[in-house]
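Tertiary structure, described
Each chain, written out:
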Amino acid sequence: MKVFEKLVLPNGSQILNRIAKAAMEENMADLDQAPSKQLMRLYQAWADGGVGLIITGNVMVDRRAMTGPGGVVLEDEQHLDTFKRWATIARSQGAQVWLQINHPGRQMQSNLGQQTWAPSAVALDLGKMSDRFNVPVEMTEDMINEVIQRFANTARLAEKAGFTGVEIHAAHGYLLSQFLSPLSNQRKDRWGGSLENRARILIEIVQAVRAVVSPHFVVAVKLNSADFQRGGFSAEDAQQVIQMLNGLAVDLVELSGGSYEAPAMQGQSRDGRTLAREAYFLEFAQEIRKVAHMPIMVTGGIRRKQVAEKVIASGVDMVGIATALAIDPNLPNEWKQGQNTAPELQPITWKNKTLASLANMATVKFQLRKLSLGKQPNPRVSPLWALILQQAAMSRRTRQYKNRMRQYSVAS
Ligand SMILES: Cc1cc2nc3c(=O)[nH]c(=O)nc-3n(C[C@H](O)[C@H](O)[C@H](O)COP(=O)(O)O)c2cc1C
């Protein structure tokens, strides 16, 4: 298989080529937490750049539970027309466009002023930065059922808005990933303990989503190939979860890895198997490929055409690219025309891994912001400067979010 060959998904729909824009949270919602004009401009750039698939940055299923301020929320029809415009723009050159749907669980900053839900009352351990996060409340059965219904509701609305699919975010230490990991899920009921129990919420969400969308609407899952924490969700667990998903109508699984506590998705895992600098989850993906009935996509570290070709030639169905497409949204067109463009940011060699990870995110978001304003990205930006700008933007966005939530609670 080649990078510019189409892929037919289990539901019969097609993806024009094997390159996907992986999800990147943009924090560019308007004050109503709907897509802003800047966000639309950003997606126009990706649509025009030639990717076969665009996965949106994570969109929240509950406005009280945010991965960050300025995040997009889809929980009712109030701003459906704006979502329709977003989908139309992103699909304008023939790409499939999937809304990534997410709930942060305990990975929600305490300064947003919301109650934090998680499978168990186990706080995040981020060293000196741990106090930025609340000790979560252990979810009741009702809360779990509410979250399942919210994922289904957001997926139904995504189809109504014209997206071609959804990707359920079960990776990177967010709520569904917290349920999967025995470190964060210490429940003794049917939602914890055995892997079957820990995966129950994900399985029930996939089933609930499938029940409310049409068969030609794509349902995909983003899963960690491993959490990279001792005693956490392992590569063997990931294989078994894939086997559980085999029995359901899942059209693709995207493999990534890590969490806030161990940000392996940014290539910083200390695990020997992932030391390869590029396509760092490829070995896992090849193992998982052997048991998966659905197509597999691997994301992380891919920025060179030769690497993308190697990944596809190895039997993995799609490559997911985030950072390189934030620097150069036109990358697929350039590769197709025979250029070997390989966008790259300055390496961040800070000792504090949590800060380095934040700086990396900020440097990528800096590029997203440039694109959203119709400007040229600047991959040489100083990570420290990008981090300062990002922190300032987040403080402003946090104030706006809190004001808005106060208005909601007064109105309701
Ligand atoms: C700024 C930024 C925001 C991200 N937001 C999301 C997100 O919303 N959902 C998600 O699944 N992954 C998110 N990721 C992770 C990427 O999808 C991807 O897994 C990771 O960046 C590794 O791929 P890359 O090496 O091509 O950047 C984000 C990454 C960055 C840099």
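Since the model is a prediction, treat every value here as computed from it, not as a measurement.

Here we look at the overall build of the protein chain
Along the backbone of the protein chain there are 13 helices and 14 strands. The principal-axis extents of the C-alpha atoms in the protein chain amount to approximately 55 × 45 × 45 Å. Within the span of the protein chain, comprising 412 residues, buried residues form 60% of the whole. For the protein chain, the share of sequence-separated contacts (at least 6 apart) that also reach a separation of at least 24 residues comes to 70%. On the protein chain, roughly 16500 Å² of surface is accessible, and the fraction owed to carbon and sulfur atoms is 50%. Averaging the coordinates of the 48 positive side-chain charges in the protein chain and doing the same for the 37 negative ones gives two points 6 Å apart.

What about the environment of Q96?
Residue placement: Q96 occurs in strand β7 (residues 96-102). Separated by 122 residues in the primary sequence, Q96 and V218 have C-alpha atoms spaced 9.4 Å apart. Those residues in contact with Q96, other than ones at most four positions away along the chain, are L9, S13, Q14, I15, G52, L53, I54, T164 and V218. A polar side-chain atom of Q96 sits 3.1 Å from the main-chain carbonyl oxygen of Q14.

Considering a positive patch on the surface
Taken together, R369, K375, R396 and R399 make up a surface patch of like positive charges. Inspection of the secondary structure assignment puts K375 in the loop between α12 (353-372) and α13 (383-411).

Side note on the site of the ligand
Around the ligand lies a shell of 21 residues, among which A23, E25, Q100, G301 and T323 are the nearest. In the environment of the ligand, an oxygen atom lies 2.9 Å from a nitrogen or oxygen atom belonging to the side chain of H169. Taking K222, its side chain carries an N or O atom lying 2.9 Å from an oxygen atom of the ligand. Sort the elements by how many residues they give to the shell around the ligand and α12 lands first, with three residues.

What counts as what
- Sequence order sets the numbering: in each chain, residues are counted from 1 along the sequence as written.
- Where totals are concerned, whole chains, interfaces and linings use all residues; where local detail is concerned, this predicted model gives features only for residues with pLDDT of at least 70, and gives and counts side-chain atom pairs only at 80 or more.
- Side-chain numbers come from the whole structure's heavy atoms, not from hydrogens or water.
- Helix and strand definitions follow DSSP, with helices as H or I runs of at least four residues and strands as E runs of at least two, each counted in order from the N terminus.
- The buried label goes to any residue with under 20% of its type's maximum accessible area, the exposed label to any with over 50%, and the partly exposed label to all in between, with areas taken from a 1.4 Å probe on protein chains only.
- Contact definition: two residues touch when any of their heavy atoms are within 4.5 Å.
- For accessible areas, the Shrake-Rupley method is used with a probe of radius 1.4 Å. Any residue's cover is judged against the shown protein chains and nothing else.
- Think of it this way: Lys and Arg go in the positive column, Asp and Glu in the negative one, and His and the chain ends go nowhere.
- Each charge is placed at NZ for Lys, CZ for Arg, CG for Asp and CD for Glu.
- Nitrogen and oxygen atoms within 3.5 Å of one another constitute a polar contact, given that in protein one can donate a hydrogen and the other can accept it, and given that sequence-neighbouring residues count only through two side-chain atoms.
- What goes into a patch is any residue over 30% in relative accessible area without a salt bridge, connected to like charges within 9 Å or, for nonpolar side chains (Val, Leu, Ile, Met, Phe, Trp, Tyr), within 5 Å.
- Within this document, salt bridges are pairs made up of a side-chain nitrogen of Lys or Arg and a carboxyl oxygen of Asp or Glu, the two lying within 4 Å of each other.
- Only heavy atoms are used to decide nearness, and a residue is near a molecule or strand if one of them lies within 4 Å of it.

Keep in mind these values describe shape, not function.
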